[in-house]
Amino acid sequence: MEQIKYWEEDIKICTQVDSGDDFDGAVPMNPGIVMTSCFAFPSYQHLSSAIKQERFNCVYSRGSNPTVQALERKLAQLERAQECRCFASGMAGITAVLFSLLQAGDHVVVVNNIYGPVLQYLNHISKNNISFDHLTEDISPSAVENAIKSNTKLIYFESPATMTFRQTDMQQICVLAKSKGILTMIDNTWATPLFQKPMLFGVDIVAHSLTKYVGGASDLVGGAIMTRSELMEKIFPVGYLMQGGVMSSFVAYLCLRGLLSLPLRMKQHQENGLAVAQFLQKNKKIVRVNHPALRQEDKTLTQKYLLGYSGLFSFVLDSEDFSHIAAFIDHLKHFKKAVSWGGFESLAISPHFGQYDEVKNKGVSKGIIRISVGLEPVELLIKDLENALKNV
Ligand SMILES: *Cc1c(COP(=O)(O)O)cnc(C)c1O
């Protein structure tokens, strides 16, 4: 029931006409792409009062821009957050939050496999005396509790996780964090704002790479951060205005266009992804399929948190030999060999790129292949995989 309720509300939000423009009562279906660096005011006094609240007022496009704001309003509503800010990339958003909220002496608990560059960023800032511990094996709330130190400021996680698509009990982790005054942050890119609503389970900050499903056409790079006003008040002046990794109005327009078809596309990604995952599960050359719907050990978490499945998952071949993995990928004719995901086209990679890195790939088996199941006819994709499996 809940699921249907969110779905209907979300479709309304995605497709709502909210351009902010009004031409004698006639409102355009889409917002204008406002290409301006600065905004002219009728008086110095007007400018002076507007600049005191750059988070809300359009003064300079590194602070606020109407096209970007139109996207931020929709994304905040979809995520059930008070505020949203859009960035030049997912990484710009995530690092803006970490840079704004952490200081020397702070400690971060990282739970589950996370996007590699975020781990690299945490490694990089450890030279500034910001330390972290990374849990990948035991990711239960009790393991998180054991990892918390007196200086822990933030618990950062992904669920379902990058590469393994394993889930963690975010609500329990949030209860624990709140009781100790620790902030929580999730990278919710996999599920999109449609298929998981972390803020409803107590997560303080949600991050998205809009480069993936929200953009949906492999033609842009963008990111978003959603949180409550009290925290955005801290993130905006430093991570947004000072760091300046903001989204352009043109990219915001493309993301708004992406939102129009997001529900329809996600429904099809889900259907295609499930069909491919079920096909792979039956093949003897495949040891396991890491799709949240097929991970029996995560069944209760799936029922509790997920409102649907996207089309990104992984599987493990029965060989750890990189030449076999490369041969399998090269036998695929339809799946393209490329990083990223969330576009129309199906993609396949081995995250190891022929080399096993103990730190970067903690908890990720050598034989793993990640696929992004796209929107092509699913029979084509299954036939392609079937052929590649015959050839390894
Ligand atoms: C791609 C990705 C990011 C980073 O987003 P960019 O837009 O490439 O900066 C962060 N998290 C996850 C899970 C991603 O897949």
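Residues numbered from 1 in each chain as written. Predicted model: local features only at pLDDT ≥ 70, side-chain atom pairs only at ≥ 80, totals over all residues. Heavy atoms only, no water.

(A) Just the side chain of Thr 302, in detail. Here Thr 302 lies in helix α11 (residues 299–305). Ignoring sequence-local partners within four residues, the contact set of Thr 302 consists of Gln 167, Pro 292 and Tyr 309. (Helix = DSSP H or I, 4+ residues; strand = E, 2+ residues; numbered from the N terminus. Contact = heavy atoms within 4.5 Å.)

(B) Examining the site of the ligand more closely. Residues in contact with the ligand amount to 13 residues; listed here are only the nearest, Gly 90, Met 91, Asp 187, Thr 211 and Lys 212. Met 91 places a main-chain nitrogen or oxygen 2.8 Å from an oxygen atom of the ligand. Between the ligand and Ser 209, the relevant distance is 2.9 Å, taken from an oxygen atom to a side-chain nitrogen or oxygen of the residue. A total of 370 Å² of accessible area belongs to the ligand in isolation, and the protein chains cover 89% of it. The class makeup of the residues in the shell around the ligand is 3 nonpolar, 7 polar and 3 charged. (Near = heavy atom within 4 Å. Polar contact = N/O pair within 3.5 Å; in protein donor to acceptor, adjacent residues only side chain to side chain. Areas by Shrake-Rupley, 256 points an atom, 1.4 Å probe, with all protein chains shown as cover. Nonpolar A, V, L, I, M, F, W, Y, C, P; charged D, E, K, R; others polar.)

(C) Looking closely at the side chain of Glu 83. As for its placement among the helices and strands, Glu 83 is situated in strand β1 (residues 83–87). Of the polar contacts made by the side chain of Glu 83, one reaches the side chain of Ser 229; its length is 2.8 Å. Leaving out residues up to four positions away in the same chain, Glu 83 has contacts with Arg 55, Phe 56, Ala 76, Ile 225, Met 226, Thr 227, Ser 229 and Met 232.

(D) Local environment of helix α12 (residues 322–331). Of all the positions in α12, only Ile 325, Phe 328 and Ile 329 are classed as buried. Viewed along the axis of α12, the buried residues span an arc of 95°, placing them on a single side of the element. Where the residues of α12 are buried, they touch β9 (312–317), β10 (347–349), β11 (368–372) and α13 (378–390). (Buried < 20%, exposed > 50% of the residue type's maximum accessible area, 1.4 Å probe, protein only. Arc of directions from axis to C-beta.)

(E) Examining the environment of Phe 201 more closely. The residue Phe 201 is located in the loop between α8 (192–195) and β6 (205–209) in this model. Taking the C-alpha atoms as reference points, Phe 201 and Tyr 305, separated by 104 residues in sequence, lie 8.7 Å from one another. Once residues lying within four places of it in the same chain are set aside, the contact partners of Phe 201 are Met 170, Gln 171, Cys 174, Lys 304 and Tyr 305.

(F) Fine view of the sheet that holds strand β5 (residues 183–187). If you walk across this open sheet you meet the 7 strands as β1-β7-β6-β5-β4-β2-β3, and the pairing is mixed. Two strands lie at the open edges of the sheet, namely β1 and β3 (131–135), each paired on one side alone. The mean angle between the axes of side-by-side strands here comes to 20°, regardless of whether they run parallel or antiparallel. Here 3 bridges tie β5 to β6, and the two strands are oriented parallel to one another. (Pairing = 2+ DSSP bridges. Axes fitted to C-alpha atoms, helices over the stretch in contact; angles between N-to-C directions.)

(G) Looking closely at unusual backbone geometry. Going from Ser 159 to Pro 160, the amide bond is cis rather than trans, its omega being -5°. Among the secondary structure elements, Pro 160 is positioned in the loop between β4 (152–158) and α7 (170–179). Even without a glycine there, the phi angle at Arg 80 is positive, about 60°. Positionally, Arg 80 belongs in the loop between α3 (66–79) and β1. Here Arg 80 falls in the partly exposed class, since its relative accessible area comes to 23%. With a phi close to 60°, Thr 192 is a non-glycine residue in the positive phi region. Tracing the backbone through its elements, the reader meets Thr 192 in helix α8. Residue Thr 192 is classed as buried on the basis of its relative accessible area of 2%.

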